Amino acid sequence: MSSETHRHFIQQIVDADLAAGKHAAIATRFPPEPNGYLHIGHAKSICLNFGLALEFKGRCHLRMDDTNPTKEEVEYVDSIKEDVRWLGFDWGQHYYQASDYFARMHADAIRLIELGKAYVCFLSQEEIRAHHGDEKTPGKPTPTRDATVAANLAAFAQMTRGEFDEGKAVLRAKIDMASPNMHLRDPVIYRIRKTSHHNTGDTWCVYPMYDYAHPLEDAYEGITHSICTLEFEVHRPFYDWLLRTLDTPAKPQQIEFARLNLTYTVMSKRRLLELVQEKRVSGWDDPRMPTISGMRRRGYTPAAVRRFCETVGITKHNSLSDVALLEHAVRDDLNKTSSRFMTILDPVKLVIENYPEGQVEELDATNNPEDPAAGTRKVPFSKTLLIERADFMEIPEKKYFRLTPGQEVRLRWGYFVTCTGCKKDAAGNVTEVTCTYDPATRGGDAPDGRKVKGTIHWVSAAHAGDVEVRLYDRLFSHEDLNHIPEGVDWRTLLNPGSLSVIRGKVEPALLALAPATRVQFERTGYFCVDAKDSQPGKPVFNRTVGLKDSWAKVAGK
RNA sequence: AGUCCGAUGGUGUAAUGGUAGCACAGGAGAUUCUGAUUCUCCUUGUCUAGGUUCGAAUCCUAGUCGGACUACCA
């Protein structure tokens with residue numbers, strides 16, 4: 001993490017601009033295209049843009065960049081709004097859509113033509129590409145490049161009226177066909193799309209391209225700092241050219257930063273969309289997805305996501321962040337905020353031989369040792385309990401602190417018990433562990449002050465609820481999805497064990513939790529009540545992230 | 001290949017000409033009614049070669065490596 005005083009390069013730019021009196025207040029924007037769900041990479045951008053506005057008491061606009069009717073849908077618009085709000089940000093009155101500016105952008109295109117800075121090109125897509133040239137070859141001018149303003153005006157009007165079929169004509173900016181920057185070789189700024197737009201319907205059949213629309217949207221809204229990712233660096237000269245040529249009152253400054261990459265995670269919308277369409281996941285909100293909605297369903301907190309975004313920082317060089325950073329952020333938050341419960345995911349019976357048959361006690365358990373205000377709850381205790389299979393070993397490994405014949409352990413919030421042995425079936429599987437308890441240790445403390453090395457969790461067999469538990473692991477088994485071995489399909493890199501569904505035995509209190517409640521299963525991990533598939537009294541639990549397990553490391557050696 | 005951008009431990013980042021620091025991960029230990037948490041300590045780094053300077057991670061030059069660009073996507 002950076003030091004308290006560290007300011008990243010964008011903050012420094014804003015500091016300088018404000019100090020120089022360049023702006024009275026700053027305005028940033030988060031401009032997603034509604035063609036997919038937001039993911040953790042967008043969260044980084046959202047935190048940056050809204051965070052800057054908050055820090056400098058400026059404003060941050062939420063703007064749908066809906067300039068391509070063939071790809072965008074209302075479903076995405078709604079999910080984007082929900083996700084930004086969930087992350088904890090508020091755009092206030094500043095919700096905009098590129099499509100709201102279509103008329104104004106169109107008028108500006110006409111101005112551009114009048115200025116002699118744009119012309120209608122009738123070349124086919126292939127011809128345009130052939131005329132484009134390459135790094136060492138300058139492009140060739142289109143036949144109509146030097147047509148008169150009147151002819152271009154007329155042609156653009158025809159385009160606008162729908163008199164040409166899709167692909168028959170485009171409007172191009174007239175800049176420099178020999179520029180070393182390809183984006184300055186007369187870029188296409190309007191194309192014909194005879195598709196209904198989710199917002200403007202059939203009003204238009206010409207739609208602006210991103211390169212043309214974006215600077216204008218920013219200028220119309222008075223954006224001061226237009227922050228985008230590194231790949232738009234080469235587009236900046238056009239961004240500036242357009243604002244200069246049209247002499248817009250506002251001259252927003254485009255600043256690029258490095259997008260987020262995460263280990264074992266795909267971040268491209270295209271791939272995410274394929275995972276959904278090919279049903280390799282249950283949907284955009286599948287808890288294994290790096291989408292905001294997936295992480296929300298998985299049990300991540302907005303605070304943890306924001307914290308993570310702070311941790312990875314803002315720079316101009318590409319990097320691959322370890323997903324462990326994200327996991328740490330969520331554990332750190334959940335540790336402080338979630339109530340603990342006892343659940344057994346791989347049960348084996350534990351019978352307390354000297355505990356009275358039929359007796360049931362209600363023991364007090366602390367909900368969250370990190371937060372006394374979380375209070376306590378009652379947990380039923382009886383002669384026959386269920387414990388984790390891993391908490392018993394007939395022949396113990398070195399430093400094994402759990403149940404093994406002759407060893408005493410504590411049953412959390414219960415009693416000290418001493419293991420007496422186990423019963424097995426014909427195949428040699430342990431079917432029951434037996435022990436005796438010390439009645440003087442009720443609640444979990446020995447009056448004589450003796451200590452035990454291990455504490456294990458349990459549930460009363462007769463009182464336990466039976467629930468579905470979904471154990472999630474990383475979606476991919478390959479670390480860097482941006483670098484895949486030659487000839488390998490990224491889909492084959494999916495982790496076949498990314499989801500396992502099991503049944504768990506839980507203490508009664510867990511059955512009454514509201515959907516989306518986040519809890520810790522003691523000694524196991526953080527889980528949350530699935531908001532979609534849970535039924536009243538029948539919760540489904542999603543594992544958000546496991547607890548750190550240093551014993552697993554020791555035992556694995 | 002051209003143009004542009006970048007390069008600090010295993011990972012992510014600080015240090016803005018003056019002691020290379022932080023977080024994660026990893027290791028060792030202490031504490032603990034979660035082998036969790038917490039706490040302590042430790043390992044590991046300035047891409048290379050020149051230059052400027054009393055002094056360079058920082059400035060300059062060249063090289064190397066990585067990324068972006070050659071869509072009627074954004």
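Overview of the structure. Every chain is numbered on its own, with residues counted from 1 as its sequence reads. Throughout, the order in which chains and ligands are written sets their labels, letters from A for the former and numbers from 1 for the latter. pLDDT decides what is reported in this predicted model: residues at 70 or higher carry local features, side-chain atom pairs at 80 or more are listed and counted, and totals for whole chains, interfaces and linings draw on all residues regardless. Think of the side-chain values as coming from all heavy atoms in the structure, minus any hydrogens and water.

With that out of the way, let us pick up the sheet that holds strand β4 (residues 118-121). Two strands qualify as a pair provided that DSSP identifies no fewer than 2 bridges between them. Strands here mean DSSP runs of E at least two residues long; helices mean DSSP runs of H or I at least four residues long; both are numbered from the N terminus. The strand order across the open sheet built from 4 strands is β4-β5-β6-β7, with neighbouring strands paired in antiparallel fashion. Here the strands that pair on one side only, and so sit at the sheet edges, are β4 and β7 (206-208). In this sheet, neighbouring strand axes are inclined to one another by 25° on average, regardless of whether the strands run parallel or antiparallel. Bridge count for β4 against strand β5 (residues 170-173) is 4 bridges, and the pairing is antiparallel. Of the residues in β5, the one forming a bridge with Tyr-119 is Arg-172. Any two residues whose heavy atoms approach within 4.5 Å at even a single point are treated as in contact. Only the contacting stretch of a helix is used when fitting its axis, a line to C-alpha atoms as for every element, and angles between N-to-C directions run 0 to 180 degrees. Lying on the sheet, helix α6 (residues 149-161) is in contact with β4, β5, β6 (188-192) and β7; it crosses β4 at an angle near 60°.

So, about the protein's contact with RNA strand B. Here a residue counts as near a molecule or strand whenever at least one of its heavy atoms sits within 4 Å of it. Close contacts around RNA strand B come from 71 residues, with Gln-12, Glu-135, Arg-340, Arg-410 and Gly-443 the closest. Between Glu-135 and RNA strand B, the recorded distance is 2.3 Å, taken from a side-chain N or O atom to a base oxygen. For RNA strand B, a phosphate oxygen lies 3.3 Å from a polar atom in the side chain of His-317. Residue assignment for the surface near RNA strand B shows that the elements contributing at least two residues are α5 (125-131), β6, α11 (302-312), α12 (323-337) and α13 (550-556). The dominant element in the surface near RNA strand B, judged by the number of residues it contributes, is α12, at 4 residues. Whenever two N or O atoms come within 3.5 Å, that pair is a polar contact, provided that in protein one can donate a hydrogen and the other can accept it, and provided that, for residues adjacent in sequence, both atoms are side-chain atoms.

Moving on, we come to the sheet that holds strand β23 (residues 518-521). Read across the sheet, 7 strands follow the order β10-β23-β24-β25-β21-β22-β11 without closing on themselves; strand pairing throughout is mixed. In this open sheet, the two strands that pair with only one neighbour each are β10 (339-341) and β11 (343-344). Bridge analysis of β11 against strand β22 (residues 499-506) gives 2 bridges, and the strand direction is antiparallel. For Thr-343, the partnering residue across the bridge sits in β22 and is Val-506.

Here the expected length of a helix is defined as 1.5 Å per residue gap, with one fewer gap than residues. Across its 16 residues, helix α2 (residues 40-55) extends 22 Å between first and last C-alpha, which sits within 8% of the 22 Å expected from 1.5 Å per residue. Each residue is assigned to one of three classes by its accessible area relative to the maximum for its type, calculated with a 1.4 Å probe on protein chains only: buried under 20%, partly exposed between the two thresholds, exposed over 50%. A large share of α2 lies buried, amounting to 13 of its 16 residues. Lys-57 lies just past α2 and shows a positive phi near 55°.

Quick look at the nonpolar core now. Counting 36 residues, the largest nonpolar core has Ile-40, Val-84 and Val-305 as its most contacted members. Secondary-structure elements contributing two or more residues to this core are α2, β2 (59-64), α3 (74-86), α10 (292-298), α11 and α12. Sort the elements by how many residues they give to this core and α2 lands first, with 6 residues. With residues near it in sequence (within four places) discarded, Ile-40 still touches Leu-260, Leu-262, Met-267, Pro-290, Ile-292, Met-295, Val-305 and Phe-308. Judged by nonpolar contacts, the second largest core, of 30 residues, contains Ala-109, Met-159, Tyr-190 and Phe-238. The set of buried Ala, Val, Leu, Ile, Met, Phe, Trp, Tyr and Cys residues whose side-chain atoms join them within 4.5 Å is what this entry labels a nonpolar core.

Attention now goes to the packing of aromatic side chains. Aromatic rings from Phe, Tyr and Trp, taking only the six-membered ring of Trp, are treated as a pair when their centres fall within 6.5 Å; an angle between ring planes under 30 degrees marks them as stacked, one over 60 as edge-to-face, and anything in between as tilted. Counted under the stated rule, the structure contains 22 aromatic pairs. Between Tyr-37 and Tyr-76, the ring centres sit 5.8 Å apart and the planes meet at 90°, which makes this aromatic pair edge-to-face. Of this pair, Tyr-37 sits in the loop between β1 (27-30) and α2 while Tyr-76 sits in helix α3, placing them 39 residues apart in sequence. Summarising the burial analysis for this pair, Tyr-37 and Tyr-76 share the class buried. Taking 6.0 Å as the distance between ring centres and 85° as the angle between the ring planes, the aromatic pair formed by Tyr-76 and Trp-284 counts as edge-to-face. In this pair, Tyr-76 sits in helix α3 while Trp-284 sits in the loop between α9 (269-277) and α10, placing the two residues 208 residues apart along the sequence. Trp-284 matches Tyr-76 in its accessibility class, with the two residues each being buried. Of the aromatic side chains, those joined through ring pairs into one cluster are Tyr-355, Phe-381, Tyr-415, Tyr-437 and Trp-458. Taking the ring centre of Tyr-220 as reference, the NZ or CZ of Arg-104 above it sits at 3.9 Å. Its guanidinium or amino end placed over the ring of Tyr-264, Arg-474 lies 3.7 Å from that ring's centre, counting from NZ or CZ. Whether a charge sits over a ring depends on NZ of Lys or CZ of Arg being within 6 Å of the ring centre and within 35 degrees of the ring normal.

What follows concerns the pattern of salt bridges. Every case where a carboxyl oxygen of Asp or Glu lies within 4 Å of a side-chain nitrogen of Lys or Arg is listed as a salt bridge. Per the counting criterion, the structure on display carries 48 salt bridges. When the shortest N-O distance is used, the salt bridge between Arg-63 and Glu-221 registers 3.0 Å. Residue Arg-63 is found in strand β2, and its partner Glu-221 is found in the loop between α7 (210-220) and β8 (225-229); the two are separated by 158 residues along the sequence. Between Arg-297 and Asp-530 there is a salt bridge; the shortest N-O distance is 2.9 Å.

Coordinates in, geometry out; function isn't part of it.
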